[in-house]
Amino acid sequence: MKNRIPVVLLACGSFNPITNMHLRLFEVARDHLHQTGMYQVMEGIISPVSDSYGKKDLVASHHRVAMAQLALQTSDWIRVDSWESEQPRWMETVKVLRHHHGELLKSSASTEGPDPSKTLSASAGNPASHRRAFETNSTESSEQRQLSAEGGSQWYPQLLGSTLHFSLMGGS
């Protein structure tokens with residue numbers, strides 16, 4: 001596991017309701033990434049959408065979060081994050097990624113202490129295709145942020161001292 005790239009798996013979706021296949025998706029993705037010998041999955045995050053998503057028959061977010069928490073009771077690496085579901089409006093996936101990126105930066109800074117020589121990045125598949133990718137980081141230009149916020153599929157590779165990747169998986 002030495003020199004493996006750390007990865008966080010993130011699934012955004014309605015989870016209306018969460019199913020065994022949602023959980024299996026995480027297991028298959030983690031197993032595949034580990035088998036490459038290049039990646040170490042640090043955690044999985046399930047992020048249910050806000051009530052304002054507009055999906056017909058969408059169960060209230062607090063119930064969908066509670067169902068996901070119950071489904072994950074025995075998992076030691078997948079967790080539910082309610083931040084997206086608590087937003088007053090539907091959030092674009094790139095904004096959810098930025099939120100989790102920021103939370104991981106805060107968590108990293110509190111456990112390791114601030115180190116300006118290290119920058120974490122978030123890379124993920126565009127939800128429209130799940131194959132295109134983009135990267136956001138603290139040195140990203142406002143033009144790059146605008147393209148990403150508009151759902152642009154541009155790739156902004158940069159050499160960084162420390163990289164934490166997000167792998168976005170489809171949920172529903």
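Just so it is clear, the model here is predicted, and its values are computed rather than measured. Sequence positions are assigned chain by chain, starting from 1 and proceeding in written order. Only residues with pLDDT of at least 70 get local features here, since the model is predicted, and only at 80 or more are side-chain atom pairs given and counted; chain-wide, interface and lining totals rely on the full set of residues. Calculation of side-chain values draws on the structure's entire complement of heavy atoms; hydrogens and water are dropped beforehand.

### Looking at the overall build of the protein
Where we set the bar: Note on conventions: DSSP H or I runs of at least 4 residues are helices, E runs of at least 2 residues are strands, and numbering of each starts at the N terminus. Two residues qualify as a contact provided that any one of their heavy atoms is within 4.5 Å of a heavy atom in the partner residue.
A tally of regular secondary structure across the protein gives four helices and six strands. Along the protein, helices and strands appear, N-terminal first, in the series β-α-β-α-β-α-β-β-α-β. Sequence separation of at least 24 residues holds for 68% of the intrachain contacts in the protein that already meet a minimum separation of 6.

### Notes on the nonpolar core
To keep things clear, this is the line we draw: Remark: nonpolar core denotes a set of buried residues (Ala, Val, Leu, Ile, Met, Phe, Trp, Tyr, Cys) joined through side-chain atoms within 4.5 Å. Throughout, exposure labels follow a simple rule: accessible area from a 1.4 Å probe, protein chains only, divided by the maximum for the residue type, with under 20% read as buried, over 50% as exposed, and the rest as partly exposed.
Grouped together as the largest cluster of nonpolar side chains are 17 residues, with contacts concentrated most on Leu9, Phe26 and Ile46. If you list the elements that add at least two residues to this core, you get β1 (5-13), α1 (20-35), β2 (39-48), α2 (61-71) and β3 (78-80). With four residues, α1 is the largest single contributor of residues to this core. Apart from the residues within four sequence positions on either side, Ile46 is in contact with Ala11, Phe15, Ile18, Leu23, Phe26, Leu72, Ile78, Arg79, Val80 and Asp81. By size, the runner-up hydrophobic cluster in this structure holds eight residues, among which are Cys12, Met91, Val96 and Leu97.

### Thoughts on the pattern of salt bridges
Short version of the rule: For salt bridges, the criterion is a side-chain nitrogen of Lys or Arg within 4 Å of an Asp or Glu carboxyl oxygen.
Counted under the stated rule, the structure contains six salt bridges. Across the salt bridge formed by Asp81 and Arg79, the nearest N and O atoms sit 3.2 Å from each other. Exposure remark for Arg79: the relative accessible area of 32% places this residue in the partly exposed category. Connected through shared salt-bridge partners, Glu43, Arg79 and Asp81 make up one network.

### Observations concerning α2
Under the convention used in this document: By definition, the arc is the one covered by directions from the helix axis to the C-beta atoms.
Taken residue by residue, α2 has Ser61, Arg64, Val65 and Ala68 as its buried positions. Across the axial projection of α2, the buried residues extend over an arc of 100°, all falling on one side. Turned more than 90 degrees from where α2 packs its buried face, His62 and Leu70 sit exposed. Of the surrounding elements, those touching the buried residues of α2 are β2 and β3.

### Concerning the confidence of the model for the protein
Heads up, the condition is: What pLDDT conveys is the predictor's confidence in a given residue, as a value from 0 to 100.
Overall, the predicted model of the protein reaches an average pLDDT of 75, with 64% of residues at or above 70. The model gives residues 114-163 a pLDDT under 50, and that stretch makes 92 contacts with residues more than four places away or in other chains.

### Some details on unusual backbone geometry
Glycine aside, the phi torsion of most residues is negative, and most peptide linkages are trans. Here the amide bond leading from Asn16 into Pro17 is cis, since omega sits at 5°, within 30 degrees of zero. Structurally, Pro17 is set in the loop between β1 and α1. Positive phi outside glycine occurs at Phe15, with the angle close to 50°. Along the polypeptide, Phe15 turns up in the loop between β1 and α1. Overall, the relative accessible area of 1% leaves Phe15 in the buried class. Despite not being glycine, Asp57 shows a phi value in the positive range, around 65°. Structurally, Asp57 can be placed in the loop between β2 and α2. The exposure class of Asp57 is exposed, given its relative accessible area of 62%.

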